[in-house]
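# Overview (structure and organization)
Below, each chain spelled out in residue letters.
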Amino acid sequence: MRYFEIAKEKASRLVKNGRALILSIESSCDETAIAIVWDGREVLANEIASQVDIHALYGGVVPEIAGRLHVEALSELYRRALETAGINAADLDAVAVTFGPGLVGALITGVSFAKALSYALELPLIPVNHIEGHVSANFIAHPELEPPFVCLVASGGHSHIVNVTHYGSYELLGRTIDDAAGEAFDKVARVLDIPYPGGPLLDKLAETGDDTRYKFPAAHTPGKYDFSFSGLKTAVINQAHTIHQTGGTIEAADWAASFRKAVVDSLLNKSFMALEDTGATKFALAGGVASNILLRREAARRAEQKGIQLFVPPPKLCTDNAAMIGSAGYYRLMKGEIADMSLNAEPSIKLIEE
Ligand code: KG4
Ligand code: ZN
């Protein structure tokens, strides 16, 4: 029998039993990661090799370097994941992989590794959208969480408000019309001489600052739940340059705090409007920016005030990881969604067709 016939047969058996031990791979940007996840909820291994220190030398991700480093890391992470989970390759039921969105040269490395593994082990291959992965981090962190819920996904490349109606079904409520929230954090951090990726360090610095010291403009967007961070980012950067050029100094902590507050207010004002209008009672945070201290604190405060149940993954599951891909992959597999060997990286794929 040919590979895909065998994989299809195995997949339908897994769907019938509702159970699967999935090896998942993430390589869309600057983290190489492999996890082993049981039934979409239980993490047996979650291995990660970060390239951040190397890209920091260049002030941002260098795609060619990212691809090369993924190739170097994948085999070792695979070995480590099996060892940590205490299983053999023969115990695996399926392989899930991020196929987009992300950097094409980075995605291809994970997709190729996943294809080779699936083919060699004759296992179903599950393509996973990276953004869906971020949303699914919540299923790992909160075993009791079930759709429907509203999710704010804010990362280095994306800022979306989605209504998760069922497992794997999304309604797009709002999105950024220009920069992603994480991208804005990283670019403003640069003005403060904070090394890449600036978001987490700017966040820490902001904790010590006065957020009322500087005033930055609020963005206007065409859609009710849409974001725009480009205007804010440019205003913040220009204002900093003007101060420097006129011999003034910036109070870095106050600057960071004022900027962080502007971003978090925008993310949460729109999210809570969406929650109110949809009548949703559950709100989840996802993506790298969901590890922002103020975002978590303020989301908790507002949720309590409005009687909304809040779900927040631990920081390790907010930033890129493969466990979230294993969870999303499980629910895709249960819908019978598997790929054959023609699977390719799709760098610009959307979560929802707009
Ligand atoms: O989800 P992620 O790991 O990768 C993408 O899919 O983009 O997100 C990385 C982004 C970076 O822009 C990083 O600066 C930002 O998330 N980030 C933060 C924090 N931790 C990570 N931004 C603000 N505050 C944080 N604590
Ligand atoms: Zn991500």
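Residues numbered from 1 in each chain as written. Chains lettered and ligands numbered in written order. Predicted model: local features only at pLDDT ≥ 70, side-chain atom pairs only at ≥ 80, totals over all residues. Heavy atoms only, no water.

## Description of the overall build of the chain
Secondary structure assignment for the chain yields twelve helices and ten strands. Against the 2.2 N^0.38 benchmark of 20 Å for 354 residues, the chain shows a C-alpha radius of gyration of 21 Å, consistent with a compact globule. Principal-axis analysis of the C-alpha atoms gives the chain an extent of 75 × 45 × 35 Å. Relative to its full complement of 354 residues, the chain shows a buried share of 55%. When the accessible area of the chain is evaluated, it comes to approximately 14,900 Å², of which 52% is carbon and sulfur surface. Averaging the coordinates of the 32 positive side-chain charges in the chain and doing the same for the 43 negative ones gives two points 2 Å apart. (Helix = DSSP H or I, 4+ residues; strand = E, 2+ residues; numbered from the N terminus. Rg over C-alpha atoms; globule rule 2.2 N^0.38 Å. Buried < 20%, exposed > 50% of the residue type's maximum accessible area, 1.4 Å probe, protein only. Areas by Shrake-Rupley, 256 points an atom, 1.4 Å probe, with all protein chains shown as cover. Lys, Arg positive; Asp, Glu negative; His and termini not counted. Charge placed at Lys NZ, Arg CZ, Asp CG, Glu CD.)

## Some points on helix H3 (residues 63–85)
The terminal C-alpha atoms of H3 lie 31 Å apart, and with 23 residues this matches the ideal 33 Å at 1.5 Å per residue to within 8%. When the local axis directions of H3 are compared, the greatest deviation, roughly 35 degrees, occurs at alanine 73. The set of residues buried in H3 consists of Ile65, Ala66, Gly67, Leu69, His70, Ala73, Leu74, Leu77, Tyr78, Ala81, Leu82 and Ala85. Remark: glycine 86 follows H3 within two positions and exhibits a positive phi of approximately 70 degrees. (Expected span 1.5 Å × (residues − 1). Bend = angle between axes of the 7 residues up to and from the residue.)

## Re the site of ligand 1
Neighbouring ligand 1 are 19 residues, the closest being Gly156, Asp186, Asp203, Gly288 and Asn292. One of the backbone N or O atoms of glycine 182 is found 3.2 Å from an oxygen atom in ligand 1. In the environment of ligand 1, an oxygen atom lies 3.0 Å from a nitrogen or oxygen atom belonging to the backbone of aspartate 320. Taking 550 Å² as the accessible area of ligand 1 by itself, protein coverage stands at 89%. Contributions of two or more residues to the shell around ligand 1 are made by helix H5 (130–141), helix H6 (181–191) and helix H7 (198–206). Broken down by class, the residue content of the shell around ligand 1 amounts to four nonpolar, twelve polar and three charged. (Near = heavy atom within 4 Å. Polar contact = N/O pair within 3.5 Å; in protein donor to acceptor, adjacent residues only side chain to side chain. Nonpolar A, V, L, I, M, F, W, Y, C, P; charged D, E, K, R; others polar.)

## What about the coordination of the zinc ion (ligand 2)?
Ligation of the zinc ion (ligand 2) by protein atoms is provided by His130 (NE2), His134 (NE2) and Asp320 (OD), these donors lying 2.0 to 2.1 Å from the ion. Each of the four donor atoms around the zinc ion (ligand 2) contributes to a set of angles spanning 96 to 133 degrees, which defines the coordination as tetrahedral. Aspartate 320 sits in the buried class, given a relative accessible area of 14%. (Donors = N, O, S within 2.8 Å, 3.2 Å for Na, K, Ca; no water. Tetrahedral: all angles 85-135°; square planar, octahedral: opposite > 155°, others 65-115°.)

## As for the nonpolar core
Grouped together as the largest cluster of nonpolar side chains are 67 residues, with contacts concentrated most on Leu23, Ile25, Ile34, Ile36, Cys151, Val162 and Leu333. Per-element tally for this core: the top contributor is helix H12 (residues 323–334), with eight residues. Residues within four places of leucine 23 in sequence aside, it is in contact with Ile34, Ala35, Ile36, Tyr78, Leu92, Ala94, Val95, Ala96 and Leu117. The next biggest cluster of nonpolar side chains, apart from the first, holds 48 residues, and it includes Leu152, Tyr214, Phe227 and Phe229. (Core = buried A, V, L, I, M, F, W, Y, C linked by side-chain atoms within 4.5 Å. Contact = heavy atoms within 4.5 Å.)

## Description of the pattern of salt bridges
In this structure the tally under the stated criterion is 18 salt bridges. Of the charged contacts in the structure, one is a salt bridge between arginine 301 and glutamate 298, with a shortest N-O distance of 2.7 Å. Of this pair, arginine 301 and glutamate 298 are both found in helix H10 (residues 293–306), three residues apart, which corresponds to roughly one turn of the helix. Residue arginine 301 is classed as partly exposed on the basis of its relative accessible area of 43%. Between arginine 302 and glutamate 298 there is a salt bridge; the shortest N-O distance is 3.1 Å. (Salt bridge = Lys/Arg side-chain N within 4 Å of Asp/Glu carboxyl O.)

## Regarding the side chain of threonine 176
Its place among the elements puts threonine 176 in the loop between strand S8 (169–175) and H6. The buried category is assigned to threonine 176, whose relative accessible area is 11%. A distance of 2.5 Å separates a polar side-chain atom of threonine 176 from the backbone oxygen of aspartate 179. Residue contacts for threonine 176: discarding those within four places in its chain leaves Ser159, Phe227, Ser228 and Phe229.

## Structural notes on a nonpolar patch on the surface
Together, Ile54, Leu57 and Tyr58 line one region of the surface with nonpolar side chains, adding up to about 350 Å² of accessible area. With respect to the secondary-structure elements, isoleucine 54 resides in helix H2 (residues 52–56). Assessed through its relative accessible area of 35%, isoleucine 54 is described here as partly exposed. (Patch = residues over 30% accessible without salt bridge, like charges linked within 9 Å, V, L, I, M, F, W, Y side chains within 5 Å.)

## Remarks on the sheet that holds strand S10 (residues 309–311)
The sheet built from five strands is open, its strands ordered S8-S7-S6-S9-S10 with mixed pairing. At either end of the open sheet lies a strand with only one pairing partner, and these are S8 and S10. The sheet shows a mean angle of 25 degrees between the axes of neighbouring strands, direction not considered. Pairing between strand S6 (residues 149–154) and strand S7 (residues 159–166): six bridges, direction antiparallel. Residue pairing for S7: valine 150 is matched across the bridge by asparagine 163. (Pairing = 2+ DSSP bridges. Axes fitted to C-alpha atoms, helices over the stretch in contact; angles between N-to-C directions.)

## Side note on the sheet that holds strand S2 (residues 31–38)
Strands sit in the order S3-S2-S1-S4-S5 across an open sheet of five strands; the sheet is mixed. Each edge of the open sheet is held by one strand with a lone partner, namely strand S3 (42–50) and strand S5 (125–129). Neighbouring strand axes in the sheet, compared pairwise and without regard to direction, differ in orientation by 20 degrees on average. Relative to S3, S2 runs antiparallel, the two being bridged by eight bridges. Along S3, the bridge assignment pairs glutamate 31 with serine 50. Sheet contacts for H3: strand S1 (21–26), S2 and S3; angle to S2, the most-contacted strand, approximately 25 degrees.

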